[in-house]
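What follows is each chain in one-letter form.
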Amino acid sequence: MRALAYSDFGAAPVITDLPTPEPAAGEVLVQVRASSVNGFDLGALGGFLKGMYEYDFPVVVGKDFAGVVAAIGDGVTSVAVGDAVFGVVMRPTLGQGGFAEYVAVNEAHGLAPLPPGLDHTRAGALGLAGTAALNAVDAIAPAPGETVLISGATGGVGAYAIQLATARGATVLATARPGAEAAFVTALGATHTVNPDELAMQVRAVAPDGVHSALHLAGDGEAVAGLLVQDGRFTSTVHFSPARSGIKATTVMADPNSTTLTRLADDVIAGRLRVPIAGTYPLADAAPALTAFTEGTVGKLAITV
């Protein structure tokens, strides 16, 4: 099978011919139709996840996947060959990934049915970023009328978080530079845009006493925490814990269980959640997609297989 893989730490990812995986007991072999770029992929590629994960080289890039069940391992009961599925690769090691023609995934975690009405491309850009956004918004639990600052709002997680927080009735302040970024977050439901280069001044202009809660997806975490009201709520998806006292701070690691994935899919089909795809690349051009991601994009970059 073809896959975008890298052979060692520091090696560039290239299209490689690899053996098609065999599903072990409890695993599902998926013929991949689509995936997408996530910040996790760059962290893994750069070796930043050493100590957190074991690298099983060659490592195939990609956490997201959407496709069709090609085979099942012993004991699998929830899906059958030919079923459409999507989700997040949740293997204990970094090795197999979604930027490939096939991937073997765990039946019990990170896998959900792909419902009619949701195409592979959008489903392949939904799993990891959508779950992270939903888990983060749940962590701060904004009430109707409360102010929420989203730092890192133009990325995939931020784009979903804007929509999820707005749906709860929150007033969303989204970081975005004037122009295309500001137009992007406003179209997703952000009430106010704040330039990250003038964060404190622009947030205080809208919320002089501070915001009720904040999602730290990127940027200066201490600066974001400093803009909260006393007893405000702060959560980070990049494992940052602020030094400021007097706030309720948590970190979030995305948990793409089947229930969460199904809820996200239902929201997309019902029109409550938009999948913000900024560009689509074939598998052969997946490496340039990673480069484009590092240069800054608004929304998600999809990979089609």
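Refer to the structure presented above.
Described below are features of the structure shown in this document. The structure displayed is predicted, hence computed values, not measured ones. (Residues numbered from 1 in each chain as written. Predicted model: local features only at pLDDT ≥ 70, side-chain atom pairs only at ≥ 80, totals over all residues. Heavy atoms only, no water.)

Once that is clear, we can look at unusual backbone geometry. In the segment running from Phe-57 into Pro-58, the intervening peptide bond is cis, with an omega of -5 degrees. In this fold, Pro-58 is placed in the loop between strand 4 (54-55) and strand 5 (59-60). One non-glycine residue, Ala-141, adopts positive backbone phi at about 45 degrees. When you line up the elements, Ala-141 lands in the loop between helix 3 (127-140) and strand 11 (147-151). Judged by relative accessible area, Ala-141 falls into the partly exposed class, the value being 43%. The phi dihedral of Asp-231 is positive, around 70 degrees, even though this residue is not glycine. (Helix = DSSP H or I, 4+ residues; strand = E, 2+ residues; numbered from the N terminus. Buried < 20%, exposed > 50% of the residue type's maximum accessible area, 1.4 Å probe, protein only.)

A few words now on the environment of Pro-113. Within the fold, Pro-113 resides in strand 10 (residues 111-113). The exposed category is assigned to Pro-113, whose relative accessible area is 51%. For the pair formed by Pro-113 and Tyr-55, sequence separation is 58 residues and the distance between their alpha carbons is 29 Å.

Moving on to helix 4 (residues 156-167). End to end, helix 4 covers 17 Å across 12 residues, agreeing with the expected 16 Å (1.5 Å per residue, within 8%). Most of helix 4 is tucked away: 9 of the 12 residues are buried. Of all the positions in helix 4, only Gly-156, Gly-158, Ala-159, Tyr-160, Ala-161, Ile-162, Gln-163, Leu-164 and Ala-165 are classed as buried. The elements touched by buried residues of helix 4 are helix 3, strand 11, strand 12 (171-175), helix 5 (180-187), strand 14 (211-216) and strand 18 (300-304). A positive backbone phi angle near 90 degrees is found at Gly-169, which sits one or two residues after helix 4. (Expected span 1.5 Å × (residues − 1). Contact = heavy atoms within 4.5 Å.)

This brings us to the side chain of Thr-147. With respect to the helices, strands and loops of the structure, Thr-147 is situated in strand 11. When neighbours within four sequence positions are excluded, Thr-147 is seen to be in contact with Thr-171, Leu-173, Gly-210, Val-211, His-212 and Ser-213.

Our focus in this paragraph is the environment of Gly-43. For Gly-43, the position within the fold is in helix 1 (residues 39-45). Residue Gly-43 is classed as buried on the basis of its relative accessible area, which comes to 13%. In the structure, Gly-43 is positioned 29 residues away from Ile-72 in sequence and 30 Å away in space, judged by C-alpha atoms.

Per the stated rule, a full pass over the model turns up 6 aromatic pairs. Plain terms: the ring middles of Tyr-6 and Phe-57 are 6.1 Å apart, the flat faces sit at 70 degrees to each other, and that makes the pair edge-to-face. Linking Tyr-6 in strand 1 (residues 2-6) with Phe-57 in the loop between strand 4 and strand 5, this pair joins segments that are 51 residues apart in sequence. Given the relative accessible area of 2%, Tyr-6 is considered buried. Between the NZ or CZ atom of Lys-50 and the centre of the ring of Phe-9, over which it lies, the distance is 4.1 Å. Directly above the ring of Phe-40 sits Lys-63, whose terminal nitrogen or CZ lies 4.7 Å from the centroid. (Phe/Tyr/Trp six-rings, centres within 6.5 Å; stacked < 30°, edge-to-face > 60°. Lys NZ or Arg CZ within 6 Å of the ring centre and 35° of its normal.)

As a further point, take helix 3. Between its first and last C-alpha atoms helix 3 spans 20 Å; for 14 residues at 1.5 Å apiece the expected length is 20 Å, and the two agree. Counting buried positions over the 14 residues of helix 3 gives 12, a clear majority of the element. All buried positions along helix 3 are accounted for by Gly-127, Leu-128, Ala-129, Gly-130, Thr-131, Ala-132, Ala-133, Leu-134, Asn-135, Ala-136, Val-137 and Ile-140. Ala-141 lies just past helix 3 and shows a positive phi near 45 degrees.

To continue, consider the sheet that holds strand 2 (residues 14-17). Pairing in this open sheet of 3 strands is antiparallel, and the strands run 2-1-5 from one edge to the other. On the outer flanks of this sheet lie strand 2 and strand 5, each paired with one strand and no other. (Pairing = 2+ DSSP bridges.)

Summarising the sheet, strand 3 (residues 27-36) and strand 6 (residues 64-72) pair through 6 bridges and their orientation is antiparallel. When the bridges of strand 6 are listed, Val-32 appears paired with Gly-67. Judged from the 5 bridges that link them, strand 6 and strand 7 (residues 84-88) form a sheet pairing that is antiparallel. Directly across from Val-68, in strand 7, lies its bridge partner Ala-84.

In short, shape yes, function no, at least from these values alone.
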